[in-house]
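So you can see what is in the structure, the chains are spelled out below.
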Amino acid sequence: MVSSIKIGEVTSVPGKSVHGRYKVADRAASTIELPVSIIQGRKPGPTLVVIAGEHGCEFSWIVAAVKLARDLKASELSGAVIIVPLANPTAFDARYLFVNPIDQVNPYGAYPGSTGATVTFQIAHKILHEIALKGDAVVHLHGADYNEALVPFNYVPITGRRDIDRRSSELASCFPVHYHLNALP
């Protein structure tokens, strides 16, 4: 039996796609919520987590994640795909490069996050502990921020654990790019 996946109030149903919002932080007069999609097949299998929009002007990857959430068919899937197409909505709204405009912190460097720190660290904590750790693999979509012109490449952090490093490299090889960078985190 395939069990459901719950992220905040967004709960998957085997064989269906569900979309909702997940509260990750409070501000003085509002809350910060992330869009979340869970596409879950009827058959058991691995869970892939896809995160985009950690940098607010990486528009191409935000659009790609939204299209993936819209077009992926649960009926054709074993396992699940969890998609967060916009992990830094305040930067997106403000058209802000690289950092969260609230606290000037780059989300990518804020992991593992903290519940008692500034907003970006709170968001990183929720993404890691409530979303990413539900996956068997995590893909961060980055690049083409507003001021960037990059050659497409894959970056795979090397952990020193051969099984994880091998599987990470295999996953990265699924993306059709010419450059593959293995690096220590």
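Structural data are supplied above this passage.
Since we're looking at a predicted model, the values are computed, not measured.

Draft legend 1. Main features of the environment of valine 66. Relative to the helices and strands, valine 66 is located in helix H1 (residues 59-71). The spatial distance from the C-alpha of valine 66 to the C-alpha of proline 85 is 5.8 Å, given a sequence separation of 19 residues.

Draft legend 2. Inspection of the side chain of asparagine 100 at higher detail. Along the chain, asparagine 100 turns up in the loop between helix H2 (89-94) and helix H3 (119-131). Within the structure, the side chain of asparagine 100 is placed 2.9 Å from the backbone nitrogen of isoleucine 102, a separation counted as a polar contact. Side-chain polar atoms of asparagine 100 contact the side chain of threonine 120, separated by 3.2 Å. Residues within four places of asparagine 100 in sequence aside, it is in contact with Asn88, Thr90, Val105, Pro107, Val119, Thr120 and Ile123.

Draft legend 3. Broad picture of the pattern of salt bridges. Using the criterion set out here, one finds five salt bridges in the structure. Between arginine 70 and aspartate 71 there is a salt bridge, with its nearest N and O atoms 2.7 Å apart. Note on aspartate 71: relative accessible area 42%, which makes it partly exposed. When the shortest N-O distance is used, the salt bridge between aspartate 163 and arginine 161 registers 3.5 Å. A relative accessible area of 33% places aspartate 163 in the partly exposed class.

Basis of the calculations
For every chain, the first residue of the written sequence is number 1, and numbering continues from 1 along that sequence. The model is predicted, so local features are restricted to residues of pLDDT at least 70 and side-chain atom pairs to those at 80 or more, both for listing and for counting; the totals for chains, interfaces and linings are taken over all residues. Hydrogens and waters are ignored; side-chain quantities use all the structure's heavy atoms. Put simply, DSSP marks the helices as runs of H or I at least four residues long and the strands as runs of E at least two long, and each gets a number from the N terminus on. Identification of polar contacts relies on pairs of N or O atoms within 3.5 Å, with a donor-acceptor requirement for protein atoms, meaning one able to donate a hydrogen and the other able to accept it, and with residues adjacent in sequence counted only if both atoms are side-chain atoms. Whether two residues are in contact is decided by their heavy atoms, any of which lying within 4.5 Å being enough. Salt bridge criterion: a side-chain nitrogen from Lys or Arg within 4 Å of a carboxyl oxygen from Asp or Glu. Three exposure classes are used, based on accessible area relative to the maximum for each residue type with a 1.4 Å probe and protein chains only: buried under 20%, partly exposed in between, and exposed over 50%.

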